[in-house]
Amino acid sequence: MEELPQDFHNMVSLRHFYLEDNDQNRKLMPMKIGQLTSLRTLPFFVVGEKSGHRIEELGSLSKLRGRLHVYDLQQVKDKEEAEKAQILGKSDIQELQFHWEENLAEPDNNHGDVLEGLKPHQNVKGLILQNFGGRRWVFWMSRNARVLQKLVKIELRDCRLCEQVPALGHLPHLAIVRMDGLQNLKRIGPEFYGQDGWIIDNCSASEAATPRVFPALRELVLCNMPQLEEWSDVSSLPAFATSTIESFPCLQRLDIRNCPKLMTIPDAAFYLLMSLRELSIVKCMELTCLPDGVLQPSLEEIVLEDCPKLKTLDQSDETEALFNDYSNLHKLQIEDCPELMCLPDGLLQPALLELQLLFCPKLKKPNPDALRRLKLFFLGIMDCPNRESCWEEGLFCTTNLQQLSIDYFGEEYGYFPWPSTSTTASPPSSHLTSLEYLCLWGWAEVKSLPDQLELLPALILLAISNFSGLESLPECLGNLSSLKSLEIWSCPLLEKRCEKGIGEDWHKIAHIPKILIDGRKIQ
């Protein structure tokens, strides 16, 4: 519908207007919705150029509560027009999202003026800005304003021209900070931590002398900031330079992705972070080490990916890291970190369920005793040294293992290594009774796959890749009644042999419901 019915006398008492917030429904924004003065629920409003669609329609909706997303703010001319929405007077709105049209963030835009006019009530708890095109943040987002004192969540998405981050560290209830796509940001400066000298008094008067920054923050996400080079430490604030500072005391998740120029993450900000549960560092090309002391026993998940200069996980005493009790850690993924030398054995605890060590050619083999006590469900090891010795020492022989991805890049082998003996009475393969997904990556010298595959009774999916010299599939595949999917990649000699109905190996795989060869569906 393009407009509401002409007869409003039966609708002015309408309290709840429900419409799913999606691209299609935004095109159906009713005209003159401001006449529904009893409205309490309005999920979104799309600003238009014509009368009945302008932002002033929101001005009479003083009873709105819950969430309100405002789209196409590029249609608003200036601060005075924005103020007609009366956002400041809507005390029951909990979350606000302000959205400008994408690709309209030009240097001479009016975004800053418009945002200034959209000042929220001090009760707001959630604030999301998308495609804001200002270079600086408005006054009500500064460290001197008290508008956001009840803020719990803030998200800044694709604010491409912004040159600094807002002052947030002094906000007493702020639990979630997500900043994604601040493409012009070069530095996270001291303003990030809040007003210089501010003391957050969440404790008794006797404790208030210890400054606290981000006292309630649980989640910090920094993504897609290609120019970010520097992240200042909290001690760079003059008032904190000689003080004991409690920073990020409640942080549970730290996620930094695609910040290729970021060289360091400040140590003091995250030192002895006893609450941290999730740590993700992805595509930080200049990062050489993690913050000192960030590897804490509270961690449940660690993901380090595509950090080509990362040499060490922790600058603290290696023996301390060795004996830390990481009994909460259930996922450890390290991928594309070619300079990483050492993995603290203390990270390998029986609680670990998922382990991926991918493309880390300098990584030293972990302690065999640490490997043997693992009870993994998911394991992936590729392009890491000493893989065959890990196999013989029992790493892959747990009855819990459900998914396994492994390679053995080494021209000295003309076959894919698979253990036939071990310290136990039975072959290690017989322990893999729960294995459902197996991915094998090979090399040109391998002519055949191991016959021990028939000892995997629960196998559902088998994927083989890069076996360019593989001449045939093993007969044992015909005995795997549980196998539901076979995927073959970059194995040119097998294509003709697996041709449906007539290939020499077809009888071995005809019972498999789903077969893919180089992405082409055979069955």
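Notes on the structure follow. These figures come from a predicted structure and were not determined experimentally. (Residues numbered from 1 in each chain as written. Predicted model: local features only at pLDDT ≥ 70, side-chain atom pairs only at ≥ 80, totals over all residues. Heavy atoms only, no water.)

A word on the nonpolar core
Burial of nonpolar side chains together is a common tendency in soluble globular proteins.
For step 1, the next point in the chain: Judged by nonpolar contacts, the single largest core of 143 residues is most densely connected at L42, F98 and I464.
For step 2, the next point in the chain: Not counting residues up to four positions away in its chain, the partners in contact with L42 are F17, M29, I33, L58, L61, L64, R67 and L68. (Core = buried A, V, L, I, M, F, W, Y, C linked by side-chain atoms within 4.5 Å. Buried < 20%, exposed > 50% of the residue type's maximum accessible area, 1.4 Å probe, protein only. Contact = heavy atoms within 4.5 Å.)

A word on the environment of I512
For step 1, the next point in the chain: Structurally, I512 is set in the loop between α9 (506-509) and β22 (514-517).
For step 2, the next point in the chain: For the pair I512 and L483, spaced 29 residues apart in sequence, the C-alpha to C-alpha distance is 6.1 Å.
For step 3, the next point in the chain: Those residues in contact with I512, other than ones at most four positions away along the chain, are L483, K484, S485, L486 and Q523. (Helix = DSSP H or I, 4+ residues; strand = E, 2+ residues; numbered from the N terminus.)

Notes on the environment of L182
For step 1, the next point in the chain: Mapped onto the secondary structure, L182 falls in the loop between β6 (176-180) and β7 (187-188).
For step 2, the next point in the chain: The buried category is assigned to L182, whose relative accessible area is 0%.
For step 3, the next point in the chain: Between the alpha carbons of L182 and L161 there is a distance of 7.0 Å; along the sequence they are 21 residues apart.
For step 4, the next point in the chain: Among residues more than four places away in sequence, those in contact with L182 are L156, C159, N224 and M225.

Remarks on the packing of aromatic side chains
For step 1, the next point in the chain: Tallying each qualifying case throughout the model produces 9 aromatic pairs.
For step 2, the next point in the chain: Both rings, one in Y193 and one in F214, keep their centres 6.4 Å apart while their planes meet at 80°; by these two values the pair is edge-to-face. Of this pair, Y193 sits in the loop between β7 and β8 (212-213) while F214 sits in the loop between β8 and β9 (219-223), and the two are 21 residues apart along the sequence. The same class applies to Y193 as to F214, namely buried. (Phe/Tyr/Trp six-rings, centres within 6.5 Å; stacked < 30°, edge-to-face > 60°.)

Quick notes on the pattern of salt bridges
For step 1, the next point in the chain: Counting across every chain of the model gives 21 salt bridges.
For step 2, the next point in the chain: Put simply, R253 and E278 hold a salt bridge, and the shortest N to O gap is 3.8 Å. With a gap of 25 residues between them, R253 in strand β12 (residues 253-257) and E278 in strand β13 (residues 278-282) connect regions that are remote in the sequence.
For step 3, the next point in the chain: With its nearest N and O atoms 3.0 Å apart, the salt bridge here joins K362 to E339. Here E339 lies in the loop between β15 (331-335) and β16 (354-358) and K362 lies in the loop between β16 and α6 (368-372), a separation of 23 residues in the sequence. (Salt bridge = Lys/Arg side-chain N within 4 Å of Asp/Glu carboxyl O.)

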